[in-house]
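Here is what each chain is made of, one letter per residue.
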Amino acid sequence: MTRVAAIDCGTNSIRLLVADADPGTGEIVDLDRRMEIVRLGQDVDRTGRLAPEALERTFAACRQYADVIKAHGAEKIRFVATSASRDAENREEFVRGVVDILGVEPEVITGDQEAEFSFTGATKELAGRADLPRPYLVVDIGGGSTEFVVGDDHVRAARSVDIGCVRMTERHLMRDGVVSDPPTLGQITAIRADIRAALDLAEETVPLREAHTLVGLAGSVTTVGAIALGLHAYDSALIHHSRVTYESVKRITGELLISTHAERTAIPVMHPGRVDVIAAGALVLLEIMERTGASEVVVSEHDILDGIGWSIA
């Protein structure tokens, strides 16, 4: 077993996995898995730069993670940075801060690399499941982008498009820095059009409709899954590999789009950092299911973090 530490720094959240991985058996054993909402991508779509307060929130989380990694004695660390830090003009400031705190340089990976990690993390443990036939379509709905990957044992095609939950919220659901509460019909129509145009781009590369099993990753999907299960508290073990029907996703998305900030905050499984962006994230998932004709989505708590962990091991 190799003790590894994997960090995934996205547009909305930064997550850590410390685990023991056995490349021989395909087993990965969690020692510590945690997440902080830091909103690194705050206003990047508008300004092209990482905001000073967003950088400080991210660096504060990195300092916490450094303590956790040291306590567990991880042998190898890999820090992967995704959409927001790809897009920012001042990304070198971000890189320097991470190196100072963790002693490792963040790898600002491409969308295709991000897709490969997500696919490996999400599907490695699905092998042999007769009830979940291949090929898989793995969809990772992040803050700034969404990755689409089709594959069997390995990736056949992948594409990253800019329709993450934070980007869609800031682009379509905000006025004068405030999220519409709830959004107008015009705003919803505009965001749907943006998502559908991005799906057209994805389909140029990825045969979205050829997959037999849709696997959904990241916080928007897991939150929708938790709501569908009617949980009174977020429970990763119950959420992992739960199956949510198209009808449930449509109902939940509709409810989120007409809800107020207070109503979304009151949902027991809602992380405070997702309250303002969950409606956009759920709408991305719904549009994907409508485009592909998927009758259900398999919710996975194992994702890019696990893929990064395997890449180290």
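See the structure shown above.
Below is a summary of the structure that appears in this document.

What counts and what doesn't
The numbering scheme is per chain: residues are counted from 1 as the chain's sequence reads. Local features in a predicted model are, by the rule used here, given only for residues with pLDDT of at least 70; side-chain atom pairs are given and counted only at 80 or more, and totals for whole chains, interfaces and linings are based on all residues. Note: side-chain values were computed over all heavy atoms of the structure, leaving out hydrogens and water. Counting from the N terminus, the helices are the DSSP runs of H or I reaching at least four residues and the strands are the DSSP runs of E reaching at least two. The globule rule used for comparison is 2.2 Å times the number of residues to the exponent 0.38, while the radius of gyration itself is calculated over C-alpha atoms. The contact criterion used throughout is that any non-hydrogen atoms of two residues lie within 4.5 Å. Note that accessible areas follow from Shrake-Rupley with a 1.4 Å probe, and for residues the cover is restricted to the protein chains shown. None of His or the chain ends enter the tally, which takes Lys and Arg as positive and Asp and Glu as negative. We put the charge of a Lys on NZ, of an Arg on CZ, of an Asp on CG and of a Glu on CD. To estimate how far a helix should extend, the number of its residues minus one is multiplied by 1.5 Å. Aromatic contacts are taken between Phe, Tyr and Trp rings whose centres are within 6.5 Å, Trp giving its six-membered ring; a plane angle under 30 degrees counts as stacked, one over 60 as edge-to-face, and the others as tilted. A simple rule labels every residue: compare its accessible area, found with a 1.4 Å probe on the protein chains alone, to the largest value its type can have, and call it buried under 20%, exposed over 50%, or partly exposed in between. Remark: a charge is flagged as sitting over a ring if the NZ atom of Lys or the CZ atom of Arg is within 6 Å of the ring centre and within 35 degrees of the ring normal. Axis definition: a line fitted to C-alpha atoms, limited for helices to the stretch in contact. Angles are taken between N-to-C directions and run from 0 to 180 degrees. Comment on the angle field: the value is read as roughly parallel under 35 degrees, roughly antiparallel over 145, roughly perpendicular from 65 to 115, and oblique elsewhere. In this scheme, a crossing is called left-handed if the near helix is turned counterclockwise away from the far one by less than a right angle; it is called right-handed if the turn is clockwise. Following DSSP output, two strands are said to pair if at least two bridges run between them. Throughout this description, the term salt bridge denotes a Lys or Arg side-chain nitrogen within 4 Å of a carboxyl oxygen of Asp or Glu.

Some details on the overall build of the protein chain
Here comes step 1: Across its full length, the protein chain holds 13 helices and 13 strands.
Here comes step 2: Taking 313 residues into account, the globule formula puts the C-alpha radius of gyration at 20 Å, and the protein chain, at 18 Å, falls close to it.
Here comes step 3: A sequence separation of at least 24 residues applies to 69% of the contacts in the protein chain between residues at least 6 apart.
Here comes step 4: Accessible area for the protein chain stands at about 12800 Å²; split by element, carbon and sulfur atoms hold 49% of it.
Here comes step 5: When the 32 positive and 49 negative side-chain charges of the protein chain are each reduced to one mean point, those points stand 1 Å apart.

Regarding helix 10 (residues 246–257)
Here comes step 1: An ideal rise of 1.5 Å per residue puts 16 Å on 12 residues; helix 10 measures up with 16 Å between its terminal C-alpha atoms.
Here comes step 2: Turning to helix 10, the residues buried within the fold contact helix 7 (185–205), helix 8 (219–229), strand 12 (243–245), helix 11 (261–265), helix 12 (278–292) and strand 13 (296–299).

A closer look at the packing of aromatic side chains
Here comes step 1: In total, this model carries two aromatic pairs according to the counting rule given.
Here comes step 2: Here phenylalanine 119 and tyrosine 136 contribute two aromatic rings whose centre-to-centre distance is 6.4 Å and whose plane-to-plane angle is 55°, an arrangement assigned as tilted. Note that phenylalanine 119 is positioned in helix 5 (residues 111–123) and tyrosine 136 in strand 6 (residues 136–141), a separation of 17 residues in sequence. In terms of burial, phenylalanine 119 and tyrosine 136 fall into one category: buried.
Here comes step 3: Over the ring of tryptophan 310 we find lysine 124, and its NZ or CZ is 4.8 Å from the ring centre.

Topic: the packing of helix 7 against helix 12
The relative placement of two packed helices comes down to the angle between their axes together with the axis-to-axis distance.
Here comes step 1: Here helix 7 crosses helix 12 at 50°, and the two axes come no closer than 10 Å. Between helix 7 and helix 12, the crossing angle belongs to the class labelled oblique. Taken as a pair, helix 7 and helix 12 cross one another with a handedness that is right-handed. Between helix 7 and helix 12, the contacting residues are Ile188, Ile191, Arg192, Ile195, Arg196, Leu199, Asp200 and Glu203 on the first element and Ala280, Leu283, Val284, Leu286, Glu287, Ile288, Glu290 and Arg291 on the second.

Some details on the sheet that holds strand 4 (residues 76–81)
Here comes step 1: The strand order across the open sheet built from five strands is 3-2-1-4-5, with neighbouring strands paired in mixed fashion. Edge positions in the sheet fall to strand 3 (27–37) and strand 5 (107–108), since each of these pairs with one other strand and no more.
Here comes step 2: With 10 bridges joining them, strand 2 (residues 13–22) and strand 3 adopt antiparallel strand pairing. Across the sheet, residue leucine 16 finds its bridge partner in strand 3, namely arginine 34.
Here comes step 3: Contacting strand 1 (2–9) and strand 4, helix 4 (residues 91–102) crosses the sheet at an angle of about 160° to strand 4.

Points about helix 12
Here comes step 1: Between the first and last C-alpha of helix 12 there are 21 Å, a value that for 15 residues agrees with the 21 Å anticipated at 1.5 Å per step.
Here comes step 2: Looking one or two residues beyond helix 12, the residue adopting positive phi is glycine 293, at roughly 75°.

Here's the deal with the pattern of salt bridges
Here comes step 1: The tally for this structure, following the rule as stated, stands at 26 salt bridges.
Here comes step 2: In this structure, the salt-bridge partner of aspartate 153 is arginine 134, at a minimum N-O distance of 2.3 Å. Of the two residues, aspartate 153 is situated in the loop between strand 7 (146–151) and strand 8 (155–161) and arginine 134 in the loop between helix 5 and strand 6; the sequence distance between them amounts to 19 residues.
Here comes step 3: Residue aspartate 153 is classed as exposed on the basis of its relative accessible area, which comes to 54%.
Here comes step 4: Relative accessible area serves as the criterion here: at 40%, arginine 134 is assigned to the partly exposed category.

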